[in-house]
Amino acid sequence: MFKKKAFFIVFEGIEGCGKSYQSKKLYHNLKKKKFKTVLTREPGGTKNAEEIRKLILSDYFGKKEKKKFDRYTDTLLYLAARNEHVKNKIYPELKKKKVVICDRFTDSTMAYQVYGKKVKKNFIDSIHKIILGNLKPDIVFILKVNLKTSRKRVNKRKNKNRYDKFPKEFYKKAQNAFINIAKNKKRYVVLDSSKENDELEKKIFQIIIKRVSK
Ligand code: TMP
């Protein structure tokens, strides 16, 4: 049997990279092996953070350009949601020695707000210092996808017009940002998620089983 151990897993990548799909698959695969596992997401994950999520996403993808939140307001909302999530879910669940799988975390703020929208990095870093303390993911999967494939996947969803709210260049930049963040870091694993088969699911599961069994 595997030891009970707190383990924090994050999935990152652009829209349509398959991270929500892979998070769910990993969650079910770990549950089958009797790991106490929690699946959560950002922005969101708690009742209050989900309320903030609604506010952000309706502004982000819903309204006309002129009425949009200022990018610093938008950033503060992501950070506010994160504060709620970390304090009320991530920390308490890790304390109970559970495996926590989170669909997006701090690297999304780096890729979208810092690299994408040119929000000052030190503004975010100083708030992160206070709201995160020592919290760091044990492993981050960056799912890299062919941009045409990701667009196709997003267009299949109910909310079809989401991808078109930003130019293709934005997603290319965001994806490059994720890959740059991962460079030379032991905790990061970059995987190609363009193919539609179960190879990736198996690979991710093997990587996690190795690490949680150490
Ligand atoms: P998702 O649930 O499809 O991943 O959507 C969340 C959106 O929020 C996505 O467009 C990325 C964006 N986002 C940021 O811009 N910054 C962040 O810190 C997070 C967590 C998400």
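Everything below is about the structure shown above.
Below is a summary of the structure that appears in this document. (Residues numbered from 1 in each chain as written. Predicted model: local features only at pLDDT ≥ 70, side-chain atom pairs only at ≥ 80, totals over all residues. Heavy atoms only, no water.)

## Some thoughts on the environment of A174
Here's step 1: Its location among the elements puts A174 in helix α7 (residues 168-182).
Here's step 2: Judged by relative accessible area, A174 falls into the buried class, the value being 1%.
Here's step 3: C-alpha separation for the pair A174 and K121, spaced 53 residues apart in sequence, amounts to 15 Å.
Here's step 4: Filtering out sequence-adjacent residues up to four positions away, A174 remains in contact with I14 and A111. (Helix = DSSP H or I, 4+ residues; strand = E, 2+ residues; numbered from the N terminus. Buried < 20%, exposed > 50% of the residue type's maximum accessible area, 1.4 Å probe, protein only. Contact = heavy atoms within 4.5 Å.)

## Re helix α8 (residues 199-212)
Here's step 1: The terminal C-alpha atoms of α8, which comprises 14 residues, lie 20 Å apart, in line with the 20 Å expected from a rise of 1.5 Å per residue.
Here's step 2: Three or more residues of α8 are buried, namely L200, E201, I204, F205, I208, I209 and V212. Along the long axis of α8, the arc covered by the buried residues comes to 165 degrees, so they all point the same way. Across from the buried face of α8, at angles greater than 90 degrees, the exposed residues are Q206 and K210. (Expected span 1.5 Å × (residues − 1). Arc of directions from axis to C-beta.)

## Observations regarding unusual backbone geometry
Here's step 1: For the bond from E42 to P43, the omega torsion is -10 degrees, close enough to zero to count as cis.
Here's step 2: Of note in this structure, K34 is not a glycine but carries a positive phi near 70 degrees.
Here's step 3: You can see K34 is positioned in the loop between α1 (19-32) and β2 (37-41).
Here's step 4: Despite not being glycine, R104 has its phi angle at roughly 80 degrees, a positive value.
Here's step 5: Summarising the element assignment, R104 is placed in the loop between β3 (99-103) and α4 (106-116).
Here's step 6: Among the residues examined, R104 registers a relative accessible area of 12% and is labelled buried.

## Some words on the site of the ligand
Here's step 1: The immediate surroundings of the ligand are formed by 16 residues, with E15, R53, R104, T109 and Q113 found nearest.
Here's step 2: Here Y78 contributes a side-chain N or O atom positioned 3.1 Å from an oxygen atom of the ligand.
Here's step 3: Within the side chain of R82, a nitrogen or oxygen atom sits 3.3 Å from an oxygen atom of the ligand.
Here's step 4: In isolation the ligand exposes 480 Å². Once the protein is present, 95% of that is buried.
Here's step 5: Placement of the ligand is best described as lying within the largest pocket.
Here's step 6: Going through the elements one at a time, α2 (47-61), α3 (71-95) and α4 are the ones with two or more residues in the shell around the ligand.
Here's step 7: Among the residues forming the shell around the ligand, the class breakdown is six nonpolar, three polar and seven charged. (Near = heavy atom within 4 Å. Polar contact = N/O pair within 3.5 Å; in protein donor to acceptor, adjacent residues only side chain to side chain. Areas by Shrake-Rupley, 256 points an atom, 1.4 Å probe, with all protein chains shown as cover. 1 Å grid on protein atoms, 1.4 Å probe; cavity = no way out; pocket = protein on both sides within 12 Å on 5 of 7 lines; lining within 4 Å. Sits in = over half its atoms within 2 Å of the grid points. Nonpolar A, V, L, I, M, F, W, Y, C, P; charged D, E, K, R; others polar.)

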